[in-house]
Amino acid sequence: MSITIEVNSGKIKKDRQQLDMHFLPANIKGNGEANVEQYFSAYTRKENGFLTNALRGYPLQGEIKKVPANITGVVLQETRKPLDEEAERILRVKGTFEEFTYWNYDKIPSASDGYTQALQIVQLADVLSETISEEEVLKELKANGK
Amino acid sequence: MSDDIKIKDEPLNETIENGEHEEKENNESDGLIDKITSLKKLGPFIASKDNSTNTVYFSDIPQVCKDEPCMLGVDEAGRGPVLGPMVYGIAFCPIKSKQALIDLGCADSKQLTEEKRDIIFDDINTKEYANSCIGWAVEIISPNVISTSMFRRAKCSLNEVSMNSAIGLIHAAVDEGVNIAEVYVDTVGPPEKYQDKLQKIFPQFKITVAKKADSTYPIVSAASICAKVSRDHALKVWQFPEGLKLKSNDFGSGYPGDPVTKRFLSENIDLVFGFPRLVRFSWSTAENALADKAYDMEFDEPDSEKPKYAGPKLTKFFKGTTKDGEVKREPCRLLKERFLDSCVDF
């Protein structure tokens, strides 16, 4: 299986049409367009420094999160997922975002939220993929007394 | 040190003053409709408020209500419907002014037609013999607030929402300076329990909680009329932020059995968001309609009440290999704690 991601890099840079993105604490079993502005964003209120809203009557509390520096948020769209798992898949860049609204179900967003913790992968990946010079390795070995 | 103390003292007074200023300015910027002086003003007043949050309105308090011992009645409107706000109303007047209530026609409010209720509501606000001794207040509880209260992790039942509203209105009346002596409440649920609860909160009042209090006590009937008229008008002036162009005769009474309401519910489903927020999502009628027609949606489970035993299991020492001897590796703890996993299929 191979996946092709079609990127029109000119488009990403040029039309920074920022998408109105929301991370919801629910699994929606459907795909398609959603009336986010009219049915959702119109009801966002600010309360005690946090945002409030509701999804199908369930109370939400949220905050705006920035996508970590040096990273671009990208929405990919696939016209049709091939039935054959081996077939090549093509995903197109639909738009980009630099911030999004993170929502919890009836819980004030905090550092202990699973999603916030998962975002640490960004720092982890940076550290793990840093290039190390030979001298640094030798230094480290010496310091450990070997 | 002495400077510190000064700083602490003064801003307190200032913030109180600022609060008052802001309130006045807000009222002015809302336009002309910060007072409901007649039936005509009721609709525009409600329409100027955010219908996704609660709105509390207090009439002017007649001076006699501050001087003379008063009776206060509490009733609600719109408890059962799947659409629109639930409204709590209170009315109060000096005990000796009971005749004014009778002259208004505040009898069994369930027997009154909509027109008759509108007339009485208008009279309460415009007729000198009534507005000189009767004050009233309503809390319009938004359907959005009803849904989100009932769907909280720690569920808040409709009864709790109701009682909190009633208690809040009585507290507010006390704060406004009403000299309350007697309180009459139309019951939610068994009268005895509710009466005990209210008596504990307001030991200084003589409290009567009764079924069908609105047909027995004219002051409850007056409260009931204020609540019902407000609820009817709230539906009439309802604006949909969702952009639907529908009038109140397009969605009916809101009772689940009303065919107009049924049709409204089945024709106005958004696949993702369900209904416009005129609808109380926590009603089983609404939930069932969505289960059939909208996308399935699974929420983060509410915190389970019984914590599961979290210690290591004895059998864990035998795990780690599959039947054919292949060693299974536990994911790295650092990643596991951060809910990170490799993902190849999406």
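Residues numbered from 1 in each chain as written. Chains lettered and ligands numbered in written order. Predicted model: local features only at pLDDT ≥ 70, side-chain atom pairs only at ≥ 80, totals over all residues. Heavy atoms only, no water.

A. The nonpolar core, seen in detail. Residue and element names in this part refer to chain B. Counting 51 residues, the largest nonpolar core has Leu 72, Val 74, Ile 90 and Val 183 as its most contacted members. It is helix 8 (residues 158-175) that provides the largest number of residues to this core, a total of eight residues. Grouped together as the second largest cluster of nonpolar side chains are 38 residues, Leu 39, Ala 100, Phe 121 and Ala 213 included. (Core = buried A, V, L, I, M, F, W, Y, C linked by side-chain atoms within 4.5 Å. Buried < 20%, exposed > 50% of the residue type's maximum accessible area, 1.4 Å probe, protein only. Helix = DSSP H or I, 4+ residues; strand = E, 2+ residues; numbered from the N terminus.)

B. Focus on the packing of aromatic side chains. Applying the stated criterion to the full structure yields 20 aromatic pairs over all chains. Here Tyr 58 of chain A and Phe 151 of chain B contribute two aromatic rings whose centre-to-centre distance is 4.3 Å and whose plane-to-plane angle is 10°, an arrangement assigned as stacked. Taken as a pair, Tyr 58 of chain A in strand 6 (residues 58-66) and Phe 151 of chain B in the loop between helix 7 (143-150) and helix 8 lie in two separate chains rather than in one. With a centroid separation of 5.1 Å and 70° between ring planes, the pair formed by Phe 121 of chain B and Trp 136 of chain B is classed as edge-to-face. Here the residue Phe 121 of chain B occupies a position in helix 5 (residues 114-126), and Trp 136 of chain B occupies one in strand 4 (residues 135-141), the gap between them amounting to 15 residues. Neither residue differs from the other here; Phe 121 of chain B and Trp 136 of chain B are each classed as buried. Residue placement shows Lys 65 of chain A over the ring face of Tyr 102 of chain A; its charged tip is 5.1 Å from the ring centre. The ring of Tyr 43 of chain A is capped by Arg 277 of chain B, whose NZ or CZ atom sits 3.9 Å from the centre of that ring. (Phe/Tyr/Trp six-rings, centres within 6.5 Å; stacked < 30°, edge-to-face > 60°. Lys NZ or Arg CZ within 6 Å of the ring centre and 35° of its normal.)

C. The arrangement of the side chain of Thr 52 of chain A in detail. Tracing the chain through its elements places Thr 52 of chain A in strand 5 (residues 50-55). Judged by relative accessible area, Thr 52 of chain A falls into the buried class, the value being 17%.

D. Structural context of the packing of helix 8 of chain B against helix 9 (residues 191-201) of chain B. All names here are of chain B. Contact geometry of helix 8 with helix 9 gives a least axis separation of 12 Å together with a crossing angle of 35°. Remark: the crossing between helix 8 and helix 9 carries right-handed chirality. Side by side, helix 8 and helix 9 meet where Met 163, Ala 166, Ile 167 and His 171 of the first sit next to Tyr 194, Lys 197, Leu 198 and Ile 201 of the second. Tallied by class, the residues present in the contact of helix 8 with helix 9 amount to six nonpolar, one polar and one charged. (Axes fitted to C-alpha atoms, helices over the stretch in contact; angles between N-to-C directions. Left-handed = near helix turned anticlockwise from the far one by under 90°. Contact = heavy atoms within 4.5 Å. Nonpolar A, V, L, I, M, F, W, Y, C, P; charged D, E, K, R; others polar.)

E. Summary view of helix 9 of chain B. Residues and elements named next belong to chain B. Of all the positions in helix 9, only Pro 191, Tyr 194 and Leu 198 are classed as buried. Buried residues of helix 9, viewed axially, fall in a sector of 70°; they line one side. Away from the buried face of helix 9 by more than 90 degrees, exposed residues Glu 192, Lys 193 and Lys 200 are located. (Arc of directions from axis to C-beta.)

F. Molecular detail of the UniProt feature "binding site: a divalent metal cation" (unreviewed entry) in chain B. All names here are of chain B. In the numbering used here, UniProt assigns the feature "binding site: a divalent metal cation" (unreviewed entry) to Asp 75, Glu 76 and Asp 186. Taken together, the annotated residues stretch across 112 residues yet fold into one region, lying no more than 7.9 Å apart by C-alpha. You can see Glu 76 is positioned in strand 2 (residues 70-77). Among the polar contacts listed, one links the side chain of Glu 76 to the side chain of Arg 79, at a separation of 3.4 Å. Among the structural elements, Asp 186 can be located in strand 5 (residues 180-186). (UniProt positions renumbered as here; feature names shortened; annotations may be inferred. Polar contact = N/O pair within 3.5 Å; in protein donor to acceptor, adjacent residues only side chain to side chain.)

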